[in-house]
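Close look at the chain arrangement
Residues per chain, in single letters:
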Amino acid sequence: MTYAITQTCCSDATCVAVCPVNCIHPTPEERAFGSTEMLYIDPRSCIDCGACADACPVDAILPVDALSGAQQEYAAINAAYFEEEAPEPAAGSPNFHIWGEPSFDRCLPSDFAPLRVAVVGTGPAGMYAAEDLLLHTNAEVTLVDRLPVAGGLVRYGVAPDHPGTKKVGDTFARFHTHPRVRMHLGVEVGKDITHEELAAHHDAVTYAVGASTDRRVGIPGEDLPGSISATTFVAWYNAHPEVAPDTVRVSSERVVVVGNGNVALDVARLLVCDPESLARTDIADHALAALRAGTVREVVLLGRRGPEDAACTRSELLALRHLPGVELVVDDHDPRIGAAIDAAGPKDKAGDLRGVTRRTVDWSLPPAPGRRIVFRFHSAPVEAVGDATVRAVRATGGSGEQEIPTGLLLRAVGYRGVPIAGLPFDEATGTVPHEGGRVTGRPGTYVVGWIKRGPSGGIGANRTCAAETVGTLLADAVAGSLPAPTGSAKAFRRLVRSRNRDVVDARGLAAIDRAEVARGRAEDRPRVKLTTVRELVGAAKGARRRLPR
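Per an unreviewed UniProt entry, the protein chain goes by the name ferredoxin--NADP(+) reductase and belongs to Streptomyces peucetius. The heading Catalytic activity (unreviewed entry) in the UniProt record of the protein chain holds the text "2 reduced [2Fe-2S]-[ferredoxin] + NADP(+) + H(+) = 2 oxidized [2Fe-2S]-[ferredoxin] + NADPH". UniProt's Cofactor (unreviewed entry) comment on the protein chain is quoted here verbatim: "FAD".

This part is about the overall build of the protein chain. The helix and strand inventory of the protein chain stands at 18 helices and 23 strands. Its C-alpha radius of gyration of 24 Å places the protein chain within 12% of the 24 Å reference for a compact globule of 549 residues. Each principal axis of the C-alpha distribution contributes one length, and for the protein chain these read about 70 × 70 × 50 Å. When burial is assessed residue by residue, the protein chain has 53% of its 549 residues classed as buried. In the protein chain, 74% of the contacts between residues at least 6 apart in sequence involve partners at least 24 apart.

A full pass over the atoms with the stated rule returns 7 aromatic pairs. Between the aromatic rings of Tyr81 and Phe82, the centroid separation amounts to 5.1 Å while the plane-to-plane angle is 85°, which identifies the pairing as edge-to-face. No difference in accessibility class separates Tyr81 from Phe82, as the two residues are buried. For the pair Phe233 and Trp236, a centre-to-centre distance of 5.4 Å together with 35° between the ring planes defines the contact as tilted. Residue Phe233 and its partner Trp236 are both found in helix α9 (residues 230-237); the two are separated by 3 residues, about one turn of the helix. On the basis of relative accessibility, which here comes to 1%, the residue Trp236 falls in the buried class. Feature note: the residues Tyr40, Tyr81 and Phe82 constitute an aromatic cluster, connected by ring pairs.

Within the largest apolar cluster, 72 residues are counted, with the highest numbers of intra-cluster contacts made by Ile24, Ile41 and Leu115. Looking at this core element by element, the count peaks at 7 residues for helix α4 (residues 124-136). When sequence neighbours within four positions are dropped, the list of residues in contact with Ile41 reads Thr2, Tyr3, Ala4, Ile5, Cys23, Ile24, Cys46, Cys52, Ile61, Asn78 and Phe82. With 51 residues, the next largest nonpolar core counts Phe233, Val250, Ala268 and Ile283 among its residues.

Now for the packing of α4 against helix α15 (residues 461-479). Orientation of α4 relative to α15, taken along the N-to-C sense of each, is 50°, at an axis distance of 8 Å. Relative to α15, the element α4 is oriented oblique. The way α4 lies across α15 gives a crossing that is right-handed. Residues Pro124, Ala125, Tyr128, Ala129, Asp132 and Leu133 of α4 form the contact with α15, whose participating residues are Asn462, Arg463, Ala466, Ala467, Val470 and Leu474.

The grouping of Arg182, Lys490, Arg493 and Arg494 at the surface amounts to a positive patch. Here the positive patch takes 3 residues from helix α16 (residues 489-499), the largest share from any one element. One can find Arg182 in strand β7 (residues 181-185). For Arg182, a relative accessible area of 40% corresponds to the partly exposed category.

Our next topic: the layout of surface pockets. Of the pockets and cavities examined, the second largest pocket occupies roughly 1200 Å³. Ala17, Pro28, Glu29, Ser103 and Asp105 are the residues nearest the centre of the second largest pocket, which is lined by 30 residues in total. For the lining of the second largest pocket, the elements supplying multiple residues, two or more each, are α1 (14-18), α4 and α15. Considering only residue class, the lining of the second largest pocket consists of 12 nonpolar, 8 polar and 10 charged.

Once that is clear, we can look at the sheet that holds strand β14 (residues 357-359). Pairing is parallel across the open sheet formed by 7 strands, whose spatial order is β10-β19-β11-β12-β15-β13-β14. With one partner strand each, in any of the chains shown, β10 (227-229) and β14 form the two edges of the open sheet. With direction set aside, neighbouring strand axes in the sheet form an average angle of 25°. Relative to strand β19 (residues 408-411), strand β11 (residues 254-258) is paired through 4 bridges, and the arrangement is parallel. Of the residues in β19, the one forming a bridge with Val256 is Leu409. Contacts between α9 and the sheet are confined to β10 and β19, with β10 contributing the most and set at about 75° to the helix. Each of β11, β12 (298-302), β13 (326-331), β15 (371-376) and β19 is contacted by helix α10 (residues 262-272), which is oriented at about 170° to β12, the strand it contacts most.

Turning our eyes to something else, we now look at helix α3 (residues 73-81). Listed in full, the buried residues belonging to α3 are Tyr74, Ile77, Asn78, Ala80 and Tyr81. On an axial view of α3, the arc spanned by its buried residues comes to 165°, and they lie on one face. Along its buried surface, α3 packs onto β1 (3-5), β2 (24-25), β3 (40-41) and α12 (314-320).

Their axes nearest at 10 Å, the elements α9 and α10 cross at an angle of 50°. Accordingly, the angle class assigned to the pair α9 and α10 is oblique. Seen along the crossing, α9 lies across α10 with a hand that is left-handed. Between α9 and α10, the residues in contact are Ala230, Phe233, Val234 and Tyr237 and Val263, Asp266, Val267, Leu270 and Leu271, respectively. Among the residues making up the contact of α9 with α10, the classes are represented as 8 nonpolar, no polar and 1 charged.

Turning our eyes to something else, we now look at unusual backbone geometry. Note that the residue after His25, namely Pro26, is joined by a cis bond; omega there is -5°. Residue position: Pro26 is located in the loop between β2 and β3. Unlike most non-glycine residues, Ser11 shows phi in positive territory, near 60°. Residue class for Ser11 comes out buried when judged on its relative accessible area of 11%. At Asp48, a position not held by glycine, the phi torsion is positive, near 65°. Take Asp48: it is sitting in the loop between β3 and α2 (51-55). Since its relative accessible area comes to 36%, Asp48 is described here as partly exposed.

With that out of the way, let us pick up the pairing of β15. When a strand is regular, its side chains alternate between the sheet's two faces. Most of β15 is tucked away: 5 of the 6 residues are buried. Two elements, β12 and β15, share 5 bridges in a ladder whose sense is parallel. Paired with Leu302 across the strands is Arg376, a residue of β15. Here 5 bridges tie β13 to β15, and the two strands are oriented parallel to one another. Each bridged residue has a counterpart across the sheet, and for Val329 the counterpart in β15 is Val374.

The rules we used
Residues numbered from 1 in each chain as written. Predicted model: local features only at pLDDT ≥ 70, side-chain atom pairs only at ≥ 80, totals over all residues. Heavy atoms only, no water. UniProt positions renumbered as here; feature names shortened; annotations may be inferred. Helix = DSSP H or I, 4+ residues; strand = E, 2+ residues; numbered from the N terminus. Rg over C-alpha atoms; globule rule 2.2 N^0.38 Å. Buried < 20%, exposed > 50% of the residue type's maximum accessible area, 1.4 Å probe, protein only. Contact = heavy atoms within 4.5 Å. Phe/Tyr/Trp six-rings, centres within 6.5 Å; stacked < 30°, edge-to-face > 60°. Core = buried A, V, L, I, M, F, W, Y, C linked by side-chain atoms within 4.5 Å. Axes fitted to C-alpha atoms, helices over the stretch in contact; angles between N-to-C directions. Parallel < 35°, antiparallel > 145°, perpendicular 65-115°, else oblique. Left-handed = near helix turned anticlockwise from the far one by under 90°. Patch = residues over 30% accessible without salt bridge, like charges linked within 9 Å, V, L, I, M, F, W, Y side chains within 5 Å. Areas by Shrake-Rupley, 256 points an atom, 1.4 Å probe, with all protein chains shown as cover. Salt bridge = Lys/Arg side-chain N within 4 Å of Asp/Glu carboxyl O. Lys, Arg positive; Asp, Glu negative; His and termini not counted. Charge placed at Lys NZ, Arg CZ, Asp CG, Glu CD. 1 Å grid on protein atoms, 1.4 Å probe; cavity = no way out; pocket = protein on both sides within 12 Å on 5 of 7 lines; lining within 4 Å. Points joined across faces, edges and corners; volume = space filled by probe spheres on them. Nonpolar A, V, L, I, M, F, W, Y, C, P; charged D, E, K, R; others polar. Pairing = 2+ DSSP bridges. Arc of directions from axis to C-beta.

Encoded structure:
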């Protein structure tokens, strides 16, 4: 029986590398890899060896006969990808996916000296870069993060009801205690230390700081109380220490979300799902309590374009159709919407809305009984209406502008990078200018992830992005163009400790993990997160106090 890749695919291509018959596509060498939403297994070539399932970091690959419920449709989705991508195999041939010529892009000399590389940021981009350096060179890696705990968007960006996706963090965690890794958490470049000081103690510095703020919608009333970014909302329910528990109030019956990408769908799903379904996840305690006490019954997703151009992935859209007790509705206010859904092909996103209830919603009425998510395409926000707080959103539509009553407006129109002290910055793109990851005009300085390419692509996209940056770094090292460090690793540790007495190392991080897991065990949850910097640092320091003298 063949295997199939399912909803939680992270597209990091770990599975591609272990497949003995090259039946998982698109591969990183293929043009479609950069834009694909997920990878696919060709059922005609799969030999049922299970190597891909063992290698998958997010448990997204399962035998077809083991697929249950909402996962069953992925057998057809995997097969459909290859209907137009490749012909039937020749008679007597088990496989028609031909391997390409081997390529050796990196050629390091036998006397290649060990490098000291600082990686700023411990999210997926930073950890893929660290993994590449540790597995393929004899480099020493210094991990730096402004928060006193590692993980980045894996810890603070993945929805709590996606535990499979969070498992990629276990893959990264094995490098936290690597003998050639030194960890300095709770250290902010530009505040505790400068870029110049960091560079002076390392052969190279790689920034993987992501895109930590949100894009603006640009409408009147956007800054009214009751209007917040989805970035803040996601951080709130994931117990980010920089977002207070009282930041979000979910006391409105209707919530309007601007955007229909994956983050918007995450937000909508969590707002209307049964809170008890989240009680066994690592959601923040304050968020779970607020959702239990909340009155939200309807979430409206505003999309500027039509259903054929929805920004979410097909897998996340399909998952909404299987959300227990939640009705999906398409607001049929514009004739283009129904026409696009009816004309969509089997591989088109709009086609996944075929069969979903379509009706013109009367926004003058309160939400109907029950819980529902409403897709309103071809509709853009014009103004957040209110005096002391948001009371409605005025939006465009087929019949003219309409006011949609709401007490909470969430802006989910994308993330945006912020400048890094000491580095150039492109305000238009929210990224650091670079060439193959090499920061323009800053020898020995590199970028990877969203701060390099902008906020596009999921977790797995950072693997190929990191490979490019690390390749550029190593080429510069071979060419002798890296500035020589003037300070030692020991001197850097002393410098950091002199600036910040609350630095968390690998031992402290392990203590935080033990504390959270222990708290979770008492409530039959994977973990209960510590929610403040003080709590996190306190748990880390507890490990030091317990050390024998």
